[in-house]
Amino acid sequence: MSTFTSAASIVAATVLHRRIFPTGLGPVAVRYSPAVARADRGNATADVYLHGAAGSWTTFIPLLAASATAGNGHPGEGNPGDERHSVLMDLPGWGESTQGTSAASLTMATMAEAVTGILRTLGYRHWNLIGHSMGAFLALEIAAAEPKRAASVAVISGATFSVATAAAHPLPGLLRFPAFTAMLLLMRAMAACGPVGEFLVRRTGRSPLMRPLMSPFFSHPHVIDGTVITALGEDARPAAFAAAARAAAGYDFSRWRGITAPVLAVRGHRDVFTPPSDLVRLAELVPHVRLVTIPGCGHFAPIEQPGFLAGLLTQY
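Quantities reported herein were computed from a predicted structural model and do not represent experimental measurements.

Draft legend 1. Up close: empty space enclosed by the protein. Across all of its chains, the model carries four cavities of 30 Å³ or more by this definition. In this structure, the largest cavity encloses a volume near 200 Å³. Around the largest cavity, the lining is made up of 23 residues, and of these Ala53, Ser133, Met134, Phe241 and Phe273 lie nearest the centre. Counting only elements with at least two residues in the lining of the largest cavity, the list comes to helix H5 (134-145), helix H8 (178-192) and helix H12 (238-249). With four residues, H12 is the largest single contributor of residues to the lining of the largest cavity. Here the lining of the largest cavity is composed, by residue class, of 17 nonpolar, six polar and no charged. Roughly 60 Å³ of volume is contained in the second largest cavity.

Draft legend 2. Region of interest: the nonpolar core. Judged by nonpolar contacts, the single largest core of 82 residues is most densely connected at Val87, Phe180 and Trp256. If one sorts the elements of this core by residue count, H5 sits on top with nine residues. Residues contacting Val87, with those up to four places away along its chain left out, are Val30, Arg31, Tyr32, Val36, Ala46, Asp47, Val48, Tyr49, Leu119, Leu122 and Tyr124.

Draft legend 3. Just the pattern of salt bridges, in detail. The tally for this structure, following the rule as stated, stands at seven salt bridges. Here Glu96 ties to Arg18 by a salt bridge, and the two come within 3.1 Å at their closest N and O atoms. Separated by 78 residues along the polypeptide, Glu96 in the loop between strand S4 (85-89) and helix H4 (108-122) and Arg18 in strand S1 (residues 17-21) bring together distant segments of the chain. Accessibility expressed as a relative area gives 40% for Glu96, which makes it partly exposed.

Draft legend 4. Highlighting the sheet that holds strand S2 (residues 28-32). A sheet is described by the order of its strands in space; here eight strands give the open sequence S1-S2-S4-S3-S5-S6-S7-S8, paired in mixed fashion. Edge positions in the sheet fall to S1 and strand S8 (289-294), since each of these pairs with one other strand and no more. Averaged over all neighbouring strand pairs, the angle between strand axes comes to 20 degrees, with direction disregarded. The sheet contact formed by S1 and S2 spans five bridges and is antiparallel. In the strand pairing of S2, Phe21 is matched with Val28. Lying over the sheet, H4 contacts S1, S2, strand S3 (45-50), S4 and strand S5 (126-132), oriented at roughly 120 degrees with respect to S1. Strands S5, strand S6 (150-156), strand S7 (263-268) and S8 of the sheet are contacted by helix H15 (residues 306-313), whose axis makes an angle of about 165 degrees with S8.

Draft legend 5. Spotlight on helix H9 (residues 195-205). Regarding H9, the residues found buried are Gly197, Val201, Arg202 and Gly205. The buried residues of H9 occupy one face: seen down the axis, they fall within an arc of 135 degrees. Away from its buried face, by an angle of more than 90 degrees, H9 presents the exposed residues Pro195, Val196 and Arg203. Elements that come into contact with the buried residues of H9 comprise H8, helix H10 (210-214), helix H11 (226-235) and H12.

Draft legend 6. Quick look at unusual backbone geometry. Notably, Ser133 is not glycine yet its phi reads approximately 60 degrees, a positive angle. Relative to the elements of secondary structure, Ser133 occurs in the loop between S5 and H5. Residues other than glycine seldom take positive phi values, yet His288 does so here, at roughly 60 degrees. Relative to the helices and strands, His288 resides in the loop between helix H13 (276-285) and S8.

Draft legend 7. Spatial organisation of the side chain of Ser162. Among the secondary structure elements, Ser162 is positioned in helix H6 (residues 161-168). Apart from the residues within four sequence positions on either side, Ser162 is in contact with Phe177, Pro275, Ser277 and Asp278.

Draft legend 8. Just the pairing of S3, in detail. In terms of residue burial, S3 counts as a mostly covered element, since five of its six residues are buried. Direction of pairing for S3 relative to S5: parallel, over a ladder of six bridges. In the sheet register, Leu50 faces S5, and the bridge partner there is Gly131. Across five bridges, S3 lies against S4 in parallel orientation. Paired with Leu50 across the two strands is Met89, which belongs to S4.

Reading guide: rules and limits
Residues numbered from 1 in each chain as written. Predicted model: local features only at pLDDT ≥ 70, side-chain atom pairs only at ≥ 80, totals over all residues. Heavy atoms only, no water. 1 Å grid on protein atoms, 1.4 Å probe; cavity = no way out; pocket = protein on both sides within 12 Å on 5 of 7 lines; lining within 4 Å. Points joined across faces, edges and corners; volume = space filled by probe spheres on them. Helix = DSSP H or I, 4+ residues; strand = E, 2+ residues; numbered from the N terminus. Nonpolar A, V, L, I, M, F, W, Y, C, P; charged D, E, K, R; others polar. Core = buried A, V, L, I, M, F, W, Y, C linked by side-chain atoms within 4.5 Å. Buried < 20%, exposed > 50% of the residue type's maximum accessible area, 1.4 Å probe, protein only. Contact = heavy atoms within 4.5 Å. Salt bridge = Lys/Arg side-chain N within 4 Å of Asp/Glu carboxyl O. Pairing = 2+ DSSP bridges. Axes fitted to C-alpha atoms, helices over the stretch in contact; angles between N-to-C directions. Arc of directions from axis to C-beta.

Next up, the structure:
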């Protein structure tokens, strides 16, 4: 993905605002578009981007850039009057939101409360929830907890049913779901090592070893820019990853029957975290679901196929 650097430049040109919000899980770093900074939020619907357990807000940079290029009103478009109200955050335990956060306190419910609390503080009454991987899981939890507030939900490579099963039963998971289970066991081991584990993960992320380790998550790993691979290594948080898996393992999926918003559920054709059966099961639980498989794509559609994904998001 050699366009990552130029994509970052486009997003930077929008002058995303940054603010730290206090939450029950600790301070959370939030980026938002200029439209959010203005005082016209009461009747607007916020586009809320929720990253995965192996990411941060920067996961969505190529998607935001593709949306701007397509001229659909996302950050980067020339006409500020048409600009969408985009809110991106480093979830508690990830990115710049690690200070004061205890991994033991991270559950889908507590993370959802942190996110919705921030949105209420910003003054938004309705939200388009756009989640990748664990963030997609979280988006569905928020939509279930706040059905009158969620205007729509985009589930991008949602780490849901299969991830939960593997997290609850890791030994069988090694056979049925090896990519996720192997990463989970590694993250648990690194989390148990404390600061030493964090250091080892960072060191690996900056080494040539990181590309082959990340290859299973992309359809065409050889074309992914090195800055993307390094960024994914920098974003790894072993304790938070393990906590997210634990939260998924004990989750009551029947909650999603209460979702009333339209849902777009997307997976990559070569997505090792989200098998087709997960989308089928989601459609059995949630009404008004559109299922899409993106060709030439692995688990990171916002990075690998941002233009295709941006087009889908304009249709729901």
